[in-house]
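Listed below are the residues making up each chain.
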Amino acid sequence: MIHTQPGLNEIFAHAEEAYPEEACGVVIGKPGDPSTNIIRRCANLANQYQQDDPIRYPRDARTAYIMDPKDLLRIQSEADAKGLEFVVIYHSHPDHEAYFSETDRDLALFDGEPLWPQMHYLVVSVKNGKVLYFKAFRWDAIKKEFAEEPSAVF
Ligand SMILES: [Zn+2]
């Protein structure tokens with residue numbers, strides 16, 4: 001896949017390297033100015049969480065992602081130092097379509113409200129180790145649900 005949007009190829013490379021597990025990470029930058037975007041990978045701790053507590057975390061890294069909180073703190077510090085914001089959270093769906101799953105909704109909501117109302121959520125479909133396509137989703141404040149962004153710029 002070829003995309004003109006900066007950073008997408010880095011995200012796709014991560015998704016293919018992580019296959020058959022889910023890749024996850026964030027993009028920090030100045031909202032609306034893709035030239036400032038920096039892609040930062042996060043470790044997916046789903047396997048570790050599942051081993052520690054399989055009742056609470058029934059899914060492993062093939063069907064779930066849990067971004068390493070240490071990575072997120074480090075990236076937050078970097079963003080603060082550079083005057084950047086979290087603009088995208090991305091993850092991949094190995095051998096599944098790119099849709100916003102029930103689990104993805106749960107991770108993005110707190111008490112029915114979006115944790116980050118302006119965030120773009122990128123979901124990348126990877127099949128047989130190759131990225132096929134992605135979709136972007138964002139909170140729709142009127143419909144009160146996550147909706148696909150057909151022509152997202154971030
Ligand atoms: Zn997902």
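Everything below is about the structure shown above.
Source: prediction; values computed, not measured.

Caption draft 1: Looking closely at the coordination of the zinc ion. Protein coordination at the zinc ion comes from His91 (NE2), His93 (NE2), Asp104 (OD) and Asp104 (OD), with a distance range of 2.0 to 2.4 Å. Every donor counted, the four donor atoms about the zinc ion form angles of 56 to 162° at the centre, which fits irregular coordination. Between the donor residues of the zinc ion, the gaps in sequence give the motif H-x1-H-x10-D. With respect to burial, His91 and His93 carry one shared label: buried.

Caption draft 2: Quick look at the environment of Glu16. Structurally, Glu16 is set in helix α1 (residues 8–18). Along the chain, Glu16 and Pro69 lie 53 residues apart, while their C-alpha atoms are 23 Å from each other. Filtering out sequence-adjacent residues up to four positions away, Glu16 remains in contact with Gly129, Lys130 and Val131.

Caption draft 3: Molecular detail of the side chain of His120. Considering the arrangement of structural elements, one finds His120 in strand β6 (residues 120–127). For His120, the residues in contact, after removing those within four places along its chain, are Val87, Val88, Ile89, Phe137, Arg138, Glu149, Val153 and Phe154.

Caption draft 4: Molecular detail of the sheet that holds strand β1 (residues 24–30). As summarised here, the arrangement of the six strands in space is β2-β1-β3-β6-β7-β8, forming an open sheet in which the pairing is mixed. Each having just a single partner strand, β2 (33–42) and β8 (145–148) make up the two edges of the open sheet. Strand-to-strand twist across the sheet, computed as the mean angle between neighbouring axes with direction ignored, equals 30°. One ladder, built from seven bridges, connects β6 with strand β7 (residues 130–140); its direction is antiparallel. Bridging across to β7, Tyr121 finds its partner in Phe137.

What counts, and where the lines are drawn
Residues numbered from 1 in each chain as written. Predicted model: local features only at pLDDT ≥ 70, side-chain atom pairs only at ≥ 80, totals over all residues. Heavy atoms only, no water. Donors = N, O, S within 2.8 Å, 3.2 Å for Na, K, Ca; no water. Tetrahedral: all angles 85-135°; square planar, octahedral: opposite > 155°, others 65-115°. Buried < 20%, exposed > 50% of the residue type's maximum accessible area, 1.4 Å probe, protein only. Helix = DSSP H or I, 4+ residues; strand = E, 2+ residues; numbered from the N terminus. Contact = heavy atoms within 4.5 Å. Pairing = 2+ DSSP bridges. Axes fitted to C-alpha atoms, helices over the stretch in contact; angles between N-to-C directions.

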